[in-house]
Amino acid sequence: MNSITDVWNSVLELLSQELTPVAMETWFKDCSAVELRDSSIVLCTPTAFRKQIIEDRFADSIKKALHDLFACDFEISVVTKEELEAESKPRSDSGMKDISNYTFERFVVGSSNKFAHAAALAVAEGNAKEYSNPLFIYGESGLGKTHLLYAIYNEVKRRHPEYNIVYVKGEKFTNDLIQAIQTGRNIEFREKYRYADLFLMDDIQFIAGKTSTQEEFFHTFNSLFEANKQIVLTSDRPPIEINLLSDRLVSRFSSGLLADINPPDYETRMAIIRNKASRLGLVLPDDVMDYIARNFTANIRQIEGAVKKVMAYQELIDSPITLQVAKQALAGLFKGENEFIPTADDIIEETGKFFSIPAEDIKGKRQTRNVSLARQISMFLIKKLTNLTQVGIGEVFGGRDHSTVISAVRRIEDLIKTDPELAKTIKDIESNINSRK
């Protein structure tokens with residue numbers, strides 16, 4: 001075998017002796033090997049859905065085939081084509097979009113985020129104490145974690161234009177590492193991240209469960225920390241609740257300052273609405289602001305989206321904004337009293353039927369990838385189709401913590417954006433659920 005293609009073709013030949021022709025055609029027709037180094041192999045497949053199926057159902061068979069060929073154990077990594085192509089796209093020096101509008105002045109402070117805001121501002125102004133490194137900000141999606149990271153970036157850049165500030169998402173850090181391994185540029189990768197004056201990572205939870213990525217990040221963290229460089233991390237939950245995060249990383253993340261952000265209370269929601277309307281040049285009556293504040297409670301992104309919807313509707317019909325106009329504009333954004341709402345058990349049952357998994361397994365403790373995916377999809381659809389809170393959804397699944405529900409919903413939301421097959425699967429399940437009414 002003189003090339004990686006020869007190796008992979010030999011693996012496929014061995015797999016074909018074990019798997020059905022349908023399985024080979026469905027899951028391996030467009031799968032290729034893109035890197036073979038020492039005792040590890042990197043495979044590439046078109047979508048995240050196929051990636052997960054290969055990891056879940058066929059990893060052991062692939063490892064066995066490689067062992068038969070080389071008489072040693074192999075580590076397997078699976079990536080999507082999008083992950084491989086991400087590095088070839090143009091990017092700015094900081095790897096960020098235009099973030100000039102994300103400042104501390106534009107961040108609406110309330111009781112739910114006051115501590116996180118104060119901690120971020122102290123870091124940006126250089127007033128943070130030793131216990132603020134790392135600063136770990138956590139909370140649900142859409143509550144302002146990324147805004148605070150960008151605000152820190154902007155303020156530090158204003159005060160210290162000479163600083164090397166690195167901002168990266170957890171998923172991007174993983175992709176960069178994969179690319180470095182594939183191209184043999186490990187030294188360049190480490191220089192990029194370990195020589196920052198300020199290191200900002202968004203969605204650190206995405207490195208959980210990725211052994212090589214966690215190992216690399218552990219050394220990156222230590223290098224920065226020992227050099228007395230400020231580290232700021234965000235996540236959708238506190239370190240101790242991030243499943244599959246190594247104990248030593250949990251310990252390091254928890255050793256600094258933990259700052260949580262909670263959903264905004266009524267007063268903060270009203271302030272957010274006024275702030276957003278003012279920036280849009282929009283004058284909203286008090287009863288309209290009250291209506292938005294009482295009906296959109298989940299996060300800041302949802303609230304700002306409601307204000308934009310009212311503005312667009314008002315411009316479309318060319319009429320003054322009244323409470324009735326606001327209700328018409330926002331009617332499609334939340335369920336009415338007479339709209340069919342399935343039960344959590346309806347959703348779990350239909351999801352289980354689609355994946356041929358018993359409902360009790362989805363609600364239970366089994367942790368195989370297929371069951372976990374079905375459970376996450378169920379949580380996502382329950383959040384979307386019912387009025388249950390995250391806490392209520394957690395209770396349906398054996399008393400799981402609400403942060404587990406948040407993580408599951410976030411993961412499915414991200415997968416839907418990049419995996420058409422999974423998106424179609426979820427639409428089919430949702431259609432089956434709605435057909436029960």
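So, here is what we can say about the structure in this document. (Residues numbered from 1 in each chain as written. Predicted model: local features only at pLDDT ≥ 70, side-chain atom pairs only at ≥ 80, totals over all residues. Heavy atoms only, no water.)

Concerning the nonpolar core
Considering soluble globular proteins, one finds that nonpolar side chains tend to be buried as a cluster.
Next up, step 1: Judged by nonpolar contacts, the single largest core of 51 residues is most densely connected at Trp8, Phe28, Ile62, Ile377 and Leu381.
Next up, step 2: In terms of residues, this core owes the most to one element, helix H17 (residues 369-385), which gives nine residues.
Next up, step 3: With sequence-adjacent residues up to four places away left out, Leu381 is seen in contact with Ile347, Thr351, Thr386, Ile426, Ile429, Glu430 and Ile433. (Core = buried A, V, L, I, M, F, W, Y, C linked by side-chain atoms within 4.5 Å. Buried < 20%, exposed > 50% of the residue type's maximum accessible area, 1.4 Å probe, protein only. Helix = DSSP H or I, 4+ residues; strand = E, 2+ residues; numbered from the N terminus. Contact = heavy atoms within 4.5 Å.)

Looking at the packing of helix H19 (residues 402-418) against helix H20 (residues 420-434)
Next up, step 1: Direction vectors running N to C along H19 and H20 enclose 120 degrees, while the axes themselves pass 6 Å from each other. The two elements H19 and H20 meet at a crossing, and its hand is left-handed. For the pair formed by H19 and H20, the contact residues are Ile412, Leu415, Ile416 and Thr418 on the first element and Pro420, Leu422, Ala423 and Ile426 on the second. (Axes fitted to C-alpha atoms, helices over the stretch in contact; angles between N-to-C directions. Left-handed = near helix turned anticlockwise from the far one by under 90°.)

Here's the deal with the sheet that holds strand S5 (residues 165-169)
Next up, step 1: The five strands lie next to each other as S5-S6-S7-S4-S8, forming an open sheet whose pairing is parallel. Single-partner strands in this sheet number two, and they are S5 and strand S8 (257-261). Averaged over all adjacent pairs, the angle separating strand axes in this sheet is 15 degrees, with direction ignored.
Next up, step 2: Pairing geometry for strand S4 (residues 135-139) and strand S7 (residues 230-235), over four bridges, is parallel. Residue pairing across strands places Phe136 opposite Leu233, the latter belonging to S7.
Next up, step 3: Where helix H7 (residues 170-183) meets the sheet, it contacts S5 and strand S6 (198-202), and its direction lies at approximately 95 degrees from that of S5. (Pairing = 2+ DSSP bridges.)

Description of helix H11 (residues 266-279)
Next up, step 1: If you check H11, its first and last C-alpha atoms are 20 Å apart, about what 14 residues at 1.5 Å a residue would give, namely 20 Å.
Next up, step 2: Listed in full, the buried residues belonging to H11 are Thr268, Arg269, Met270, Ile272, Ile273, Lys276 and Ala277.
Next up, step 3: Looking at the buried side of H11, the elements it contacts are helix H12 (286-295) and helix H13 (300-317).
Next up, step 4: Phi for Gly281, located one or two positions after H11, is positive at around 70 degrees. (Expected span 1.5 Å × (residues − 1).)

Concerning the sheet that holds strand S2 (residues 40-45)
Next up, step 1: In space, the three strands of this open sheet follow the order S1-S2-S3, with mixed pairing throughout. For this open sheet the edge positions go to strand S1 (32-37) and strand S3 (75-80), each flanked by a neighbour on one side alone. Adjacent strand axes in the sheet meet at a mean angle of 20 degrees, parallel and antiparallel pairs treated alike.
Next up, step 2: Direction of pairing for S2 relative to S3: parallel, over a ladder of six bridges. Residue pairing across strands places Val42 opposite Ser77, the latter belonging to S3.
Next up, step 3: The sheet contacts of helix H3 (residues 48-70) involve S2 and S3, and relative to S3 the element is tilted by about 155 degrees.

Some words on the side chain of Ser61
Next up, step 1: Within the secondary structure, Ser61 is located in helix H3.
Next up, step 2: Setting aside residues up to four positions removed in sequence, Ser61 forms contacts with Leu15 and Glu18.

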